Amino acid sequence: MRKYEVVKENRDFQKIIEQGNCQKNRYLIIYYIENSVNTNRFGISVGKKIGNAVTRNKWKRRLRSIIDKYKKLYQNHRDYIIILRKNCHDLDFQELEDSFLQLFEKVNKEPR
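What counts and how
Residue positions within a chain follow its written sequence, with the count starting from 1. The predicted origin of the model limits local features to residues at a pLDDT of at least 70 and limits the giving and counting of side-chain atom pairs to 80 or more, whereas totals for whole chains, interfaces and linings rest on all residues. Where side-chain values are given, they derive from all heavy atoms of the structure, hydrogens and water being excluded. The helix count covers DSSP runs of H or I at least four residues long, the strand count covers runs of E at least two residues long, and both are numbered beginning at the N terminus. Take the residue count of a helix, subtract one, and multiply by 1.5 Å to get its expected span. Residue exposure (1.4 Å probe, protein chains only): buried if accessible area is under 20% of the type maximum, exposed if over 50%, otherwise partly exposed. Arc, as used here, means the arc of the directions from the helix axis to the C-beta atoms. To obtain each axis, a line is fitted to C-alpha atoms, and for helices this fit is confined to the stretch in contact; angles are then taken between N-to-C directions over 0 to 180 degrees. The labels follow the angle: roughly parallel below 35 degrees, roughly antiparallel above 145, roughly perpendicular from 65 to 115, and oblique for the rest. With the far helix as reference, a near helix turned anticlockwise by less than a right angle produces a left-handed crossing, and one turned clockwise produces a right-handed crossing. Working rule for contacts: check all heavy atoms of both residues, and any pair within 4.5 Å makes them a contact. Residue type decides the class: Asp, Glu, Lys and Arg count as charged, Ala, Val, Leu, Ile, Met, Phe, Trp, Tyr, Cys and Pro as nonpolar, and the leftover types, Gly among them, as polar.

A. Structural view of helix H2 (residues 53–69). The end-to-end C-alpha distance of H2 is 24 Å, a good match for the 24 Å that 17 residues give at a rise of 1.5 Å each. Residues Arg56, Trp59, Leu63, Ile66 and Ile67 constitute the buried set of H2. Projected onto a plane normal to the axis of H2, the buried residues spread over an arc of 100° and lie on a single side. Seen from the open side of H2, the exposed residues pointing more than 90 degrees away from its buried face are Val54 and Lys69.

B. Spotlight on the packing of H2 against helix H3 (residues 93–109). Contact geometry of H2 with H3 gives a least axis separation of 11 Å together with a crossing angle of 55°. The pairing of H2 with H3 is recorded here as oblique in orientation. Crossing of H2 against H3: the hand is right-handed. Together, Trp59, Arg62, Leu63, Ser65, Ile66, Ile67 and Lys69 of H2 and Phe93, Leu96, Glu97 and Phe100 of H3 make up the contact between the two elements. Taken together, the residues of the contact of H2 with H3 break down into seven nonpolar, one polar and three charged.

The following block contains the structure:
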């Protein structure tokens, strides 16, 4: 992901979570909202209950890799916040990718 494709500010995270739509599955939660920028922006959140900093960064790298791999899935002009749930310890990369794809199918089916 490029720098302009990342949501970093806490107020942006809060706005998307409070005002945006939400889709959930067993491992992920995705909040999304329309934005005024011409690109999609992503924020990734991995809580401390997942593990130490090394473990959390590993999960964030995996999610970023999946996001970059499936750029064609995303609808323009949206901000996405992806939150990893704490029951992901027994998950491998392929299962995370499948879970992500199933969730984005639900997100894309919803009307704008």
